[in-house]
Structure formats: structure tokens, C-alpha cells
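Chains, contacts and geometry: an overview
So the chains spell out like this:
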Amino acid sequence: MSVAYKSIQWNRFKITYDILLWVSIALYIALFTWSAHLMGPDLDMRGLQIRAYGSAAFLLLHVILSIGPLCRLDRRFLPLLYNRRHMGVTMFLLGLVHVIGFNLAKIPLLDKIPSINKFPLKTTGALTWYHDFGNLDPIVSLFAGNTHYESFIRFPFESLGVIGLAILFLMAITSHDFWLANLTAPIWKGLHMLVYVAYAALVGHVVLGAIQTNRHPILTIMVGLGLVWITAIHLIAALRERKGDRPVANATPAVDNYVEIGSISEIPDNRAKIVAVAGERVAVFKYDGKVSAISNVCQHQNGPLGEGKVIDGCITCPWHGYQYLPETGGSPPPFAESVPTFNVRLEGDRIFISTIPNPPGTQTPAAPIHPGMEGRA
Amino acid sequence: MNSFAIACIPHLMRVISIYLTIGAIFSIPFVTFLIRFVDPSARGLAIGFRLLIIPGVCIFWPLFVWRLIRRKQTPTERNIHRLRAQQNAA
Ligand code: FES
């Protein structure tokens, strides 16, 4: 048995966060259209709105892509990580409005409300604005209007936008935990890694769109700066992570399948040290005068168990609170999740762990810390 | 305008819409009662959750049809520790 699914896991913090997000987006769109209108009073309002929604989605994509590496560089960004999915869905909706527009009074069910017309909340989408004329279906016009796939400069930037939006759509509809569990974490993660393909396509969409419609080069420069920023923080975070991930197995050769991973005194009570053993991270916990080691990967969504604490005798995942007993790696009944465990041996204050994982749920005795062991070399 | 593209795109759109329509039809019995055979975590009424997954079911419906036929449930991820533990146990 596991936790039953809910629709959206809103709590007070997430509600505040979502309100902040939506208010900032509304402000951005208002500011964008207003300032662009000031600079070019003869520009068509509908064209401006299309760009306002498109650029809001593109900016939000930069924020979303920055969250992962920023969290790896500084844990204070973590709250943003827990709310990233709401941002992703919001970004997709902005992109969708950019393409098909929005009219409050035409939304099914809402259109039945007689006073709905009093709220003239509507905006034109690029599909109607650029492709809905003549006798061709707008979708056909979108794909058949420009087929210069062989040319770089004349490449149909609309198709790049469609690729980007299709990926954002796939990500948005699979953002619920149900999909993570049912597609399995590697496939789900692979699918969500496509966000980088979407980013590349959208960079092309914005830059080529700007070149082909003779916009000011400032837009291209800004997209370039964004690209430099995204690449730089990813590289820095990856380098930092690689440093911390050197497998201990290489540092101290395994003797009878045990490797030394450090000393008891370096682990605070009820906390863990994370080390890479057997090709994956292992969390070595110190609690109740004992040391236990379990695989670092939470069965729920691969959360880092070693960044959690021992609460009420259970290792508690820092992401969503799934719990595991340190000596079996199993969740306390009635839950059925379990992770592999590792045998632990103490010599003086040195900790040795087995390089061979035990099957999830195996009873694995913790290594007791005898008086005087701690701090003794 | 490319006449080949103009001729092909409507056909492609038709194929996509047929696929999605089958998915939409399948999603109704799936989210109402079939879902508990593939994922025991889908318990209780949870109407919001059931509505929320419909768009995804319209796309990934063949996966669930397959799992229902094979009587399979949500799989447990196989990471390297789990694989090694399994090998060693064997
Ligand atoms: S990842 Fe969700 S509880 Fe561990």
C-alpha cells in the first residue's frame, strides 16, 4: 500500500507561491503590452499580446531551467524545486495562449454564465493572427506556409515553436505523481529532460522569428545572454556535483567487499553521510548509538534519503516524507515501499560498508557504537 | 505553399485525432474503475485527480491497455542498487 493520489497537493506555502507566480506573470504581461504600446503606438495590440504571452512563457522557461542547478549550488533554493511543476504547467498554458489565444466567454460551461461578457478577458493567438485567412485550415497553413527546411535563415521557425509546445504539453499532462509511478522514474525523467530539446527549439523559434520578421537585434542578444546563463549554471553545478561524487570505492580499495567511508564523528546524530558505492549513492545514518546504511534513492520519486533525518526511528525522505526503517530499508506497515540496505562494520571510529547491496527489506543489523569509539582513530 | 504538404497534413491530423478519440473514450472507464487494477494508489473518490490525468491517458492509453491485458501493476523502478541486490540474492 502507498499514499492515495490527490489532485493537486496544495498547502499554504504552495498557494502563496502560486499566487505570487500568477500575479508576477499578469504584471509582466500588462507591463510588456503597455510599454511596447508606448514605444510604438501604431503597433497592433493583438500582435503585442501574442509576443507578451510568448515571451512570458520563454522567460519562465529560463527560471524553470535555472532552479535545478541553483538548488545544487545552494540549498536555500530548494523550496522553488518543490514547486517547479506548477511553474511548468503555467508555462505551458502561457505558450498555449500565445498560439491559440484565449477568450473567457468562449470557455465551455463558463459561456453559459450570462454576465460573463462583462469580463472582456480575451487575447488573439498566433494561429488566428498569422494563419487564419484564405481558405486554408490554419493548422495546414502553419505547416505548409513555409517549408524551407533546407535553409538556416528561412527555416520555418513556427515548426520549432510547435516542437517546443508539444514537449511542454507532454510534460504538463504527465506532471502528476501518477505518471511518475506509472511511466517509471527513468522514463518520466527522460520525458521531462526533453525540456532541454524544447529550450533549444524555442531559442531557434525566437531568434529565427526575430530575424525573419526584421526585429531589432536586441532580442537576439537577450536570447544569447539567456543561453549563456543557462549553460554556465548547469556547468558549474555539474562540476560541483562531480567533485562530491567520487566513489569511495576508488579511494579505499575494497577488502572482503567492505570499503571505508569515513569516521563516526563526522556524521551528526540522526543524520547521514552520502557516499557513492556500488554505482549509486548510499546514505550512512547515525542514530540511537548505531550506524546503518541504505540506498540513497527513495522509492517514491528518487528523493535523496541521505539528506533527510531519522524521525521517530525512521529515515524520513526530505522530499515528501516517505519513511524507511534503517535496519530493513522497508517502510513501516501498512506501507510496502522498501529500498536496498548495506551491511555496516565499525573499526575504532572508522565506518566500513559492504559494496554488495542487500535486497530491499532485508533485516540488516545496525553496527552499534561502543563507548569510546567515537573520536578514536 | 507546398502542395504535397497541403495534401498530407489533413491526413496526418485525421490519424492523430482518431488516436486521441480512442484515448478519450478509453479514459472514461479507465479513470472511473479500471485504474485501480493497474495502480492501487488510485483509491477513494479523488475526482480532481481522476480528471487531471485524462489528457495523459488520451496519449498513453496503449500502455494501460497493455497493463490491463497482462494484469500488470505499476512497476518498481530498477536502479543499479536494486539490480545488484537482486543478482547477489540469486
Ligand atoms: S521522493 Fe517523495 S518521499 Fe521521497
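Every value quoted in this text rests on a predicted model; they were computed, and no experiment measured them.

1. Details of the domain arrangement of chain A
Residue and element names in this part refer to chain A. Domain annotation for chain A reports domain 1 (12-243) and domain 2 (258-368). Put simply, the middle of domain 1 and the middle of domain 2, counted by C-alpha atoms, are 41 Å apart. On the domain 2 side, the residues contacting the 9 residues of domain 1 number 7 residues. The largest per-residue losses of area from domain 1 upon contact with domain 2 belong to Arg-75, Tyr-82 and Leu-180, which jointly make up 44% of the total buried on that side. Summed over the shared surface of domain 1 and domain 2, the result is 0 salt bridges. Where domain 1 meets domain 2, there are 1 residue pair in polar contact (both at pLDDT 80 or more). For the side of domain 1 that touches domain 2, the elements supplying multiple residues, two or more each, are helix H3 (78-82), helix H8 (177-183) and helix H9 (185-193). A breakdown of the residues in the side of domain 1 that touches domain 2 according to their chemical character gives 4 nonpolar, no polar and 5 charged.

2. Points about the interface of chain B and chain A
The interface is formed by 39 residues belonging to chain B together with 49 residues belonging to chain A. Surface buried jointly by chain B and chain A totals about 3300 Å² across both partners, of which 69% is contributed by carbon and sulfur atoms. Area buried by chain B at its contact with chain A is led by Glu-77, His-81 and Arg-82 of chain B, which between them contribute 19% of it. The interface formed by chain B and chain A contains 0 salt bridges. Our count for the chain B to chain A interface comes out at 8 residue pairs in polar contact (both at pLDDT 80 or more). At the level of secondary structure, the elements contributing two or more residues to the side of chain B that touches chain A comprise helix H1 (3-38), helix H2 (47-52), helix H3 (54-69) and helix H4 (80-89) of chain B. Counted by class, the side of chain B that touches chain A contains 24 nonpolar, 9 polar and 6 charged residues.

3. Focus on the pattern of salt bridges
All names here are of chain A. If you walk through the whole model with that rule in mind, you get 8 salt bridges over all chains. With its nearest N and O atoms 2.5 Å apart, the salt bridge here joins Glu-260 to Arg-350. In this pair, Glu-260 is assigned in strand S3 (residues 258-263) and Arg-350 in strand S12 (residues 350-354), connecting sequence segments 90 residues apart. Overall, Glu-260 belongs to the partly exposed group, its relative accessible area being 22%.

4. With respect to the sheet that holds S12 of chain A
Residue and element names in this part refer to chain A. In space, the 3 strands of this open sheet follow the order S3-S12-S11, with antiparallel pairing throughout. Strands at the two margins of the open sheet, each flanked by one partner only, are S3 and strand S11 (344-347). Each strand axis lies, on average, 30° off the axis of its neighbour in the sheet, ignoring direction. With 5 bridges connecting them, S3 and S12 associate as antiparallel partners. From the neighbouring strand, Val-259 faces S12, where its bridge partner is Ile-353.

5. Concerning helix H4 (residues 84-100) of chain A
Residues and elements named next belong to chain A. Taking 1.5 Å per residue as the helical rise, H4 with its 17 residues ought to reach 24 Å, and the 24 Å between its terminal C-alpha atoms agrees with that figure. Among all positions in H4, only His-86, Met-87, Gly-88, Thr-90, Met-91, Phe-92, Leu-94, Gly-95, Val-97 and His-98 are buried. Just beyond H4, the residue with positive phi is Gly-101, at close to 80°.

6. Observations concerning the pairing of S11 of chain A
Side-chain alternation along S11 of chain A places Val-344 and Leu-346 of chain A on a buried face and Arg-345 and Glu-347 of chain A on a face that remains uncovered. Turn length for the S11 of chain A-S12 of chain A hairpin, with the two strands adjacent in sequence and antiparallel, is 2 residues, and the turn residue Gly-348 of chain A shows positive phi of about 65°.

7. Considering the nonpolar core
Core analysis: the biggest nonpolar cluster contains 36 residues, and Leu-60 and Leu-94 of chain A have the highest contact counts within it. Elements that contribute at least two residues to this core include exactly helix H1 (12-39), helix H2 (45-73), H3, H4, helix H7 (157-173), helix H10 (195-212) and helix H11 (218-244) of chain A. Top contributing element to this core by residue count: H2 of chain A, with 11 residues. Leaving out residues up to four positions away in the same chain, Leu-94 of chain A has contacts with Ile-25, Ile-29, Tyr-53, Ala-56, Ala-57 and Leu-60 of chain A. With 22 residues, the next largest nonpolar core counts Phe-178 of chain A together with Val-31, Ile-35 and Phe-60 of chain B among its residues.

8. Here's the deal with the packing of H1 of chain A against H2 of chain A
Residue and element names in this part refer to chain A. In contact at an axis separation of 9 Å, H1 and H2 are set at 140° when each is read in the N-to-C sense. With respect to H2, the axis of H1 lies oblique. Helix-helix and strand crossings are classified by hand; for H1 and H2 the assignment is right-handed. Residue-level inspection shows Leu-21, Ile-25, Tyr-28, Ile-29, Phe-32, Thr-33, Ala-36 and His-37 of H1 in contact with H2, the latter providing Met-45, Leu-48, Gln-49, Arg-51, Ala-52, Tyr-53, Ser-55, Ala-56, Leu-59 and Leu-60. The residue makeup of the contact of H1 with H2, split by class, is 13 nonpolar, 4 polar and 1 charged.

9. Quick look at H9 of chain A
Residues and elements named next belong to chain A. Listed in full, the buried residues belonging to H9 are Ala-185, Trp-188, Leu-191 and His-192. End-on, the buried residues of H9 take up no more than an arc of 130°, which puts them together on one face. Exposed side of H9, more than 90 degrees from the buried face: Ile-187 and Met-193 are the residues found there.

10. Some thoughts on the sheet that holds strand S8 (residues 314-316) of chain A
Residue and element names in this part refer to chain A. Pairing is antiparallel in the open sheet, where 3 strands are placed in the order S7-S8-S9. Both edges of this open sheet fall to strand S7 (309-311) and strand S9 (323-324), since each of them pairs with a single strand only. Bridge count between S7 and S8: 3 bridges; the pairing is antiparallel. Among the inter-strand pairings, Lys-309 is bridged to a residue of S8, identified as Thr-316.

11. Some remarks on the confidence of the model for chain B
For chain B, mean pLDDT is 88; residues scoring 70 or higher make up 99% of the total. Across the whole predicted complex the pTM is 0.78, and at the interface the ipTM reaches 0.87.

12. Comments concerning empty space enclosed by the protein
If you walk through the whole model with that rule in mind, you get 1 cavity of 30 Å³ or more. When grouped by side-chain class, the residues that make up the lining of the largest cavity number 2 nonpolar, 4 polar and 2 charged.

What counts and what doesn't
Residues numbered from 1 in each chain as written. Chains lettered and ligands numbered in written order. Predicted model: local features only at pLDDT ≥ 70, side-chain atom pairs only at ≥ 80, totals over all residues. Heavy atoms only, no water. Domains from an automatic or database assignment. Contact = heavy atoms within 4.5 Å. Buried area = accessible area lost by both parts, 1.4 Å probe. Salt bridge = Lys/Arg side-chain N within 4 Å of Asp/Glu carboxyl O. Polar contact = N/O pair within 3.5 Å; in protein donor to acceptor, adjacent residues only side chain to side chain. Helix = DSSP H or I, 4+ residues; strand = E, 2+ residues; numbered from the N terminus. Nonpolar A, V, L, I, M, F, W, Y, C, P; charged D, E, K, R; others polar. Buried < 20%, exposed > 50% of the residue type's maximum accessible area, 1.4 Å probe, protein only. Pairing = 2+ DSSP bridges. Axes fitted to C-alpha atoms, helices over the stretch in contact; angles between N-to-C directions. Expected span 1.5 Å × (residues − 1). Core = buried A, V, L, I, M, F, W, Y, C linked by side-chain atoms within 4.5 Å. Parallel < 35°, antiparallel > 145°, perpendicular 65-115°, else oblique. Left-handed = near helix turned anticlockwise from the far one by under 90°. Arc of directions from axis to C-beta. pLDDT = per-residue confidence, 0-100. 1 Å grid on protein atoms, 1.4 Å probe; cavity = no way out; pocket = protein on both sides within 12 Å on 5 of 7 lines; lining within 4 Å. Points joined across faces, edges and corners; volume = space filled by probe spheres on them.

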